[in-house]
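Close look at the chain arrangement
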Amino acid sequence: MITWKNDVFLPAQIKFVWEDDTAYQAAALSEDNKHLFGGEFSQIFPTVKDNVFVVYAGMGKAEKLDGRKIKNVVAKAARTLTSYNVKEFSVDISALTKTFADKAYFDVVAGIELGLYVYQGIHQENQQKDYTVSVIDDNNTAEKSAEYTAKAKNIADGMILTREWINTPGNFLTPEM
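Model, not experiment: these values are computed from the prediction. (Residues numbered from 1 in each chain as written. Predicted model: local features only at pLDDT ≥ 70, side-chain atom pairs only at ≥ 80, totals over all residues. Heavy atoms only, no water.)

In this section: the side chain of Ser 134. Residue placement: Ser 134 occurs in strand 6 (residues 131-136). If sequence neighbours within four positions are ignored, Ser 134 has contacts with Lys 5, Asn 6, Asp 7, Val 8, Leu 10, Phe 89, Ser 90 and Val 91. (Helix = DSSP H or I, 4+ residues; strand = E, 2+ residues; numbered from the N terminus. Contact = heavy atoms within 4.5 Å.)

Turning our eyes to something else, we now look at the pairing of strand 6. Of all six residues in strand 6, six are buried, a share of seventy percent or more. Residues of strand 6 alternate between two faces, with Tyr 131, Val 133 and Val 135 on one and Thr 132, Ser 134 and Ile 136 on the opposite face, all of them buried. Pairing of strand 5 (residues 88-92) with strand 6, which is carried by five bridges, proceeds in the parallel orientation. Bridge pairing links Glu 88 to Thr 132 in strand 6. (Buried < 20%, exposed > 50% of the residue type's maximum accessible area, 1.4 Å probe, protein only. Pairing = 2+ DSSP bridges.)

Okay, the sheet that holds strand 5 next. Here six strands make up an open sheet; going across it, the order is 1-6-5-2-4-3 and the pairing mixed. Taken across any chain shown, the strands that pair with only one partner, and hence form the sheet edges, are strand 1 (2-6) and strand 3 (44-49). The mean angle between the axes of side-by-side strands here comes to 25°, regardless of whether they run parallel or antiparallel. Bridge count for strand 2 (residues 12-17) against strand 4 (residues 52-58) is six bridges, and the pairing is parallel. Following the sheet pairing, Gln 13 is matched in strand 4 by Val 54. Strand contacts of helix 2 (residues 67-83): strand 2, strand 3, strand 4, strand 5 and strand 6, with the helix running at about 150° to strand 4, the strand carrying the most contacts. Along the sheet face, helix 5 (residues 142-167) touches strand 1 and strand 6 and points at about 155° away from the line of strand 1. (Axes fitted to C-alpha atoms, helices over the stretch in contact; angles between N-to-C directions.)

Of all hydrophobic cores here, the largest spans 35 residues; its most connected members are Phe 16, Leu 81, Phe 89, Val 91, Leu 96, Val 108 and Ile 112. At the level of elements, strand 1, strand 2, strand 4, helix 2, strand 5, helix 4 (103-116), strand 6 and helix 5 are the ones that each hand at least two residues to this core. The element contributing the most residues to this core is helix 4, with seven residues. Every residue in contact with Phe 16, bar those within four places of it in the chain, is listed here: Ala 57, Met 59, Val 74, Val 91, Asp 92, Ile 93 and Leu 96. (Core = buried A, V, L, I, M, F, W, Y, C linked by side-chain atoms within 4.5 Å.)

Among the secondary structure elements, Asp 137 is positioned in the loop between strand 6 and helix 5. With no salt bridge to any partner, buried Asp 137 finds its closest opposite charge in Lys 98, at an N-O distance of 8.5 Å. Within the structure, the side chain of Asp 137 is placed 2.9 Å from the side chain of Thr 97, a separation counted as a polar contact. Engagement of the side chain of Asp 137 in a polar contact is seen with the backbone nitrogen of Asn 139, the distance being 2.9 Å. (Lys, Arg positive; Asp, Glu negative; His and termini not counted. Salt bridge = Lys/Arg side-chain N within 4 Å of Asp/Glu carboxyl O. Polar contact = N/O pair within 3.5 Å; in protein donor to acceptor, adjacent residues only side chain to side chain.)

The next thing to look at is the pattern of salt bridges. All told, the structure shown has four salt bridges when counted by the stated rule. When the shortest N-O distance is used, the salt bridge between Asp 107 and Lys 103 registers 3.0 Å. Of this pair, Asp 107 and Lys 103 both sit in helix 4, four residues apart, which is roughly one turn of that helix. For the salt bridge of Lys 151 with Glu 147, the shortest nitrogen-to-oxygen distance reads 3.3 Å. With Lys 151 and Glu 147 both in helix 5, this residue pair falls four residues apart, about one helical turn.

Have a look at this one:
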């Protein structure tokens, strides 16, 4: 289960970086190490900066980005955090809402929900982990952010339910006679 919050900084963060000559500076890399991260599309760079675990997600060029690509990068960043057993993290979407407005909320929330989704199987106990995610947006008020996040979460929950139905064998979804 994912608990959604707004405008709360949590112990780990996902930050989005555009592809350019200064992406490595955002990731606190020296000039000598800039080959490690350049903000290319879908490039993930986990590091610790100022005692906070940060996953930098490369978004590539802004003009080539669309909703599907945003969801893919966000899902990859969320899976990276889970590989480090992180259960609470913040996502600063200010850079995305400048370009994509309110649609960025849906893409980010859906990306996180889908990135953290794991089909448990029909015969297994539900071992879903609990996560806390905070969406931070400097371009909107906390009330607007909460509203957009709630709408996006409802749509993403529908996507997850659809995946559950698709992954469940047909003989378990057949109505009883």
